[in-house]
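Close look at the chain arrangement
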Amino acid sequence: MNTMLSRISKITVSLFLLASLSVHAQSGNDALYQSLGGKTGISTFVNSFITIVLEDARINKAFKDTDTERLASLLTEQFCELSGGPCKYSGRDMYEAHKDMQVTNAHFNALAEDLQIAMEKHDVPSSVQNKLIARLAPMQRPIVTK
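None of these values were measured; they are calculated from a predicted model.

**Looking at unusual backbone geometry**
Positive phi, close to 55°, is recorded for Gln-102, a residue that is not glycine. Tracing the chain through its elements places Gln-102 in the loop between α5 (94-98) and α6 (105-121). The class for Gln-102 is partly exposed, based on a relative accessible area of 48%. Backbone geometry places Asp-123, a non-glycine residue, at a positive phi of 60°.

**With respect to the layout of surface pockets**
Of the volumes computed, that of the largest pocket is approximately 930 Å³. In terms of lining residues, the largest pocket is bounded by 37 residues, among which Phe-63, Leu-71, Leu-75, His-98 and Leu-111 are the most central. Elements with a contribution of two residues or more to the lining of the largest pocket: α3 (38-55), α4 (68-82), α5, α6 and α7 (126-136).

**Focus on the state of the cysteines**
The final tally for this structure, using the stated rule, is one disulfide. The residue that forms a disulfide with Cys-80 is Cys-87, at a sulfur-sulfur distance of 2.1 Å. A torsion of 75° about the S-S bond marks the disulfide between Cys-80 and Cys-87 as right-handed. This pair shows no difference in class: Cys-80 is buried, exactly as Cys-87 is.

**Examining the packing of aromatic side chains**
All told, the structure shown has one aromatic pair when counted by the stated rule. Seen in terms of ring centroids, Phe-45 and Phe-79 are 6.2 Å apart; in terms of plane orientation they differ by 20°. Their pairing is stacked. Taken together, the residues Phe-45 in helix α3 and Phe-79 in helix α4 connect sequence positions 34 residues apart. You can call Phe-79 buried: its relative accessible area is 3%.

**Details of α6**
In a regular helix each residue adds 1.5 Å, so 17 residues correspond to 24 Å; α6 covers 24 Å between its end C-alpha atoms and thus fits that length. Within α6, the full set of buried residues consists of Phe-108, Ala-110, Asp-114, Leu-115, Ala-118 and Met-119. In this fold, the buried residues of α6 make contact with α3, α4, α7 and α8 (140-143). The positive-phi residue at the C-terminal boundary of α6 is Asp-123, with phi of around 60°.

**Some thoughts on the packing of α3 against α6**
As a packed pair, α3 and α6 sit with axes 8 Å apart at the nearest point and diverge in direction by 130°. Judged by the angle between their axes, α3 and α6 are oblique. As α3 packs across α6, the resulting crossing turns out to be right-handed. Counted together, Phe-45, Ser-48, Phe-49, Ile-52 and Val-53 of α3 and Leu-111, Asp-114, Leu-115, Ile-117, Ala-118, Met-119 and Lys-121 of α6 form the full contact between these two elements.

**What about the side chain of His-98?**
Positionally, His-98 belongs in helix α5. Given the relative accessible area of 17%, His-98 is considered buried. Contact partners of His-98, with chain neighbours within four places excluded, come to Ile-143 and Thr-145.

Conventions used here
Residues numbered from 1 in each chain as written. Predicted model: local features only at pLDDT ≥ 70, side-chain atom pairs only at ≥ 80, totals over all residues. Heavy atoms only, no water. Helix = DSSP H or I, 4+ residues; strand = E, 2+ residues; numbered from the N terminus. Buried < 20%, exposed > 50% of the residue type's maximum accessible area, 1.4 Å probe, protein only. 1 Å grid on protein atoms, 1.4 Å probe; cavity = no way out; pocket = protein on both sides within 12 Å on 5 of 7 lines; lining within 4 Å. Points joined across faces, edges and corners; volume = space filled by probe spheres on them. Disulfide = S-S within 2.5 Å. Phe/Tyr/Trp six-rings, centres within 6.5 Å; stacked < 30°, edge-to-face > 60°. Expected span 1.5 Å × (residues − 1). Contact = heavy atoms within 4.5 Å. Axes fitted to C-alpha atoms, helices over the stretch in contact; angles between N-to-C directions. Parallel < 35°, antiparallel > 145°, perpendicular 65-115°, else oblique. Left-handed = near helix turned anticlockwise from the far one by under 90°.

Right, here's the structure in full:
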């Protein structure tokens with residue numbers, strides 16, 4: 001009987017520890033999201049980002065017929081989700097969205113620079129910027145087609 005209680009106690013302690021670790025991991029999953037100022041902070045720098053992109057002669061031609069309000073909404077969703085926030089990105093996958101745009105590495109890099117400028121404008125610390133950029137970097141492969 002003592003052996004049985006001992007096993008149950010060990011299992012209970014193990015489950016408690018696993019549950020504690022899981023809660024801790026989940027609460028840490030949104031650290032980047034929180035560091036970006038939540039959805040409001042993300043939306044704020046995304047709006048600046050769109051303005052900067054539209055003024056950037058290197059890439060603005062690609063956005064001339066774009067619904068910028070919808071783009072801002074989709075980017076906010078995407079950055080929110082990627083940073084661990086509660087949002088769900090509702091747009092097309094990156095390949096489908098960009099396959100006919102003939103995006104080059106230079107275009108992609110210009111866009112990334114513009115994003116960093118927008119985040120700097122809103123005092124997002126460089127370490128936080130780098131974390132978001134690192135999560136966005138894998139998108140280069142499906143976006144760059146030329």
